[in-house]
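# Per-entry structural report
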Amino acid sequence: MTNPLCDPYFVLTKVYCGGKFLKQAIAETPIEPLNKARTVKICYGVLEKDCYFDYIIGANAKKPPKTAVKIIIKTALYMLEFMQKHDYMVVDFAVELTKKLGKEGAAGFVNAFLRSYKIPPLPGKADEKLATECSAPLWLAKKLRRSYKAEAAEILSAPSRGVCVRFERGAENYLDKPHIKTPFENVFIFENFVRDENFFAGDYTFQSVGSVAICSAICGGQSLLDACAAPGGKSVLLSAKFKNVTACELHAHRVELINAYAQRMGVKNVQAVQCDSSVFNKEYENKFDAVLCDAPCSGTGVINENPDIKLFRKESDIESLNEIQLKILENCSRYVKQGGTLYYSTCSVLPEENDSIVYKFLSSHPEYALNIPVCALESRKTKFGLQFLPHISLGAGFFLTSFIKKV
């Protein structure tokens, strides 16, 4: 029998030690095909519960184990606590893997820890309790509790609702699978969905419900600039609303992603270009009916889909992200025609990336008037826009607003 901890260990080592994003680590790691679904489930689960497992390890170990041993223990803890696997089996496999990796000296510790650990009580202080209970970094728990009060726990613990699929045609052939209907035509969230040949034929694509929602709120016209466009989902969907779409991306390899996406979906009116949307381009001045700034952000609204965000994102990142967000928004505001619309969105639930940026922008740009859009997906209206939250918005956390350039 194959050791079920092996493949997760090699994937997670690339995340914890190599700084790889989980999806990238999974793609780069040879995984036994028969057990791939289990391996992916374990890897996502370990990262979702990473902070919680650190709390358990800290309460039961006299000193922190080395990273390799910690990965083995966290993987075993996930299998024991959340997959209800037999204690003896998981412990034996964990010890076996420790030895196989040439760490015989740590095998006794792994064995003793997994046979004797206790789940400690939650911390007494509110922020620490929230962080531990929801397995979130303390800085994020503090920010969300300050902004959302008791709702913070629901935001942090909201699960992924599944795989969101947008159909161009043939949706009826897949609706026998368990699914949720979204407010958007031909967009469904499936419990499980395996890609087939119809994906390559452009019959459907995988696109988050948040991405679709943003596109639904954008009014059409002659020309659109998608300022931060990769991998191209919004550009392609919005190509049906605009005669011409210019899709900007900073990195060349991501420009190719947009081109490949458009080609697969049979879209001809998307032009992908490599450019820095924070740097002024004279050719774009006053050129577009609409400009979308889906700005780089903390990703705190999509942690349920990307649990590695909790591992890699630091509180110190927010200030530099705010600078980039405002810089992109201000620069791209110069590209909108009079009477045109500037859109701003993030996949963040932090007010400092959303309402605060909008406030700063409006304070220095009297030529723009706030125009909060309408969207069919449930959201909360803030002072300056729509805040979508994972527990009420089909698992998606993001922000959207718009501005009209005065004539």
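Placed above this text is the structure.
Computed from a predicted model, the values in this text were never measured in an experiment.

## A look at helix α4 (residues 50-60)
- Buried residues of α4: Asp50, Tyr52, Phe53, Ile56 and Ile57, and no others. The buried residues of α4 occupy an angular sector of 160° when projected down its axis, which confines them to one face.
- Considering only its buried residues, α4 is in contact with α1 (6-16), α3 (36-48), α5 (67-82), α7 (104-116), α8 (126-133) and α15 (308-312).

## Regarding the side chain of asparagine 322
- With respect to the element layout, asparagine 322 can be found in helix α16 (residues 317-332).
- Polar side-chain contacts of asparagine 322 include one of 3.1 Å to the side chain of glutamine 325.
- The contacts of asparagine 322, once residues within four sequence positions are left out, are Glu352, Glu353 and Ile357.

## Examining the packing of α4 against α5
- Where α4 contacts α5, the axes come no closer than 10 Å and their chain directions differ by 105°. Judged by the angle between their axes, α4 and α5 are roughly perpendicular. Where α4 abuts α5, its residues Asp50, Tyr52, Phe53, Asp54, Ile56 and Ile57 lie against Lys70, Ile73, Lys74, Leu77, Tyr78 and Phe82.
- Split into classes, the residues belonging to the contact of α4 with α5 amount to 8 nonpolar, no polar and 4 charged.

## Overview of the packing of aromatic side chains
- Under the criterion given, the structure shown has 32 aromatic pairs.
- Plain terms: the ring middles of tyrosine 9 and phenylalanine 10 are 5.4 Å apart, the flat faces sit at 75° to each other, and that makes the pair edge-to-face.
- A ring pair is formed by phenylalanine 193 and phenylalanine 206, whose centres lie 5.8 Å apart and whose planes are at 80°; its orientation type is edge-to-face. Here phenylalanine 193 is found in the loop between β3 (187-190) and α11 (197-200), whereas its partner phenylalanine 206 is found in strand β4 (residues 204-206), with 13 residues between them in sequence.
- Take phenylalanine 206: its relative accessible area is 31%, and that puts it in the partly exposed class.

## A few points about the state of the cysteines
- Scanning the model with the defined rule gives 0 disulfides in all.
- Between cysteine 219, a cysteine without a disulfide, and cysteine 375, which holds the nearest cysteine sulfur, the sulfur-to-sulfur distance is 12 Å.
- No disulfide involves cysteine 275; its sulfur sits 3.1 Å from that of cysteine 248, the nearest cysteine.

## Thoughts on helix α17 (residues 355-364)
- Of the positions making up α17, those classed as buried are Asp355, Ile357, Val358 and Phe361. Buried residues in α17, looked at end-on, bunch into an arc of 160°, giving them a common side.
- Close packing links the buried residues of α17 with α16, β9 (336-346), β10 (368-370) and β13 (398-405).

## Notes on the packing of α5 against α7
- One can describe the packing of α5 onto α7 by two numbers: an axis separation of 11 Å at closest approach and a directional angle of 25°. Taken together, the axes of α5 and α7 are roughly parallel relative to one another. In the packing of α5 onto α7, the handedness of the crossing is right-handed. Contacts from Val69, Ile72, Ile73, Ala76, Leu77 and Leu80 in α5 reach Ala106, Phe109, Val110, Phe113 and Leu114 in α7.
- The residue makeup of the contact of α5 with α7, split by class, is 11 nonpolar, no polar and no charged.

## A closer look at the pairing of strand β1 (residues 163-167)
- Counting buried positions over the 5 residues of β1 gives 4, a clear majority of the element.
- Judged from the 3 bridges that link them, β1 and β4 form a sheet pairing that is antiparallel. If you follow phenylalanine 167 over to β4, its bridge partner there is tyrosine 204.

## Some thoughts on the pattern of salt bridges
- For the structure on display, the rule yields 14 salt bridges.
- A salt bridge links arginine 254 to glutamate 249, with the shortest nitrogen-to-oxygen separation between them at 3.2 Å.
- Taking the relative accessible area as the measure of exposure, arginine 254 reaches 29% and is therefore partly exposed.
- Residue lysine 337 pairs with aspartate 289 through a salt bridge whose shortest N-O separation is 3.4 Å. In this pair, lysine 337 is assigned in strand β9 and aspartate 289 in strand β8 (residues 288-294), connecting sequence segments 48 residues apart.
- A relative accessible area of 22% means that aspartate 289 is categorised as partly exposed.
- Salt bridges sharing common partners tie together Asp50, Asp54 and Lys74.

About the criteria used
- Residues numbered from 1 in each chain as written.
- Predicted model: local features only at pLDDT ≥ 70, side-chain atom pairs only at ≥ 80, totals over all residues.
- Heavy atoms only, no water.
- Buried < 20%, exposed > 50% of the residue type's maximum accessible area, 1.4 Å probe, protein only.
- Helix = DSSP H or I, 4+ residues; strand = E, 2+ residues; numbered from the N terminus.
- Arc of directions from axis to C-beta.
- Contact = heavy atoms within 4.5 Å.
- Polar contact = N/O pair within 3.5 Å; in protein donor to acceptor, adjacent residues only side chain to side chain.
- Axes fitted to C-alpha atoms, helices over the stretch in contact; angles between N-to-C directions.
- Parallel < 35°, antiparallel > 145°, perpendicular 65-115°, else oblique.
- Nonpolar A, V, L, I, M, F, W, Y, C, P; charged D, E, K, R; others polar.
- Phe/Tyr/Trp six-rings, centres within 6.5 Å; stacked < 30°, edge-to-face > 60°.
- Disulfide = S-S within 2.5 Å.
- Left-handed = near helix turned anticlockwise from the far one by under 90°.
- Pairing = 2+ DSSP bridges.
- Salt bridge = Lys/Arg side-chain N within 4 Å of Asp/Glu carboxyl O.

Remember, this is a structural readout, not a statement about activity or role.
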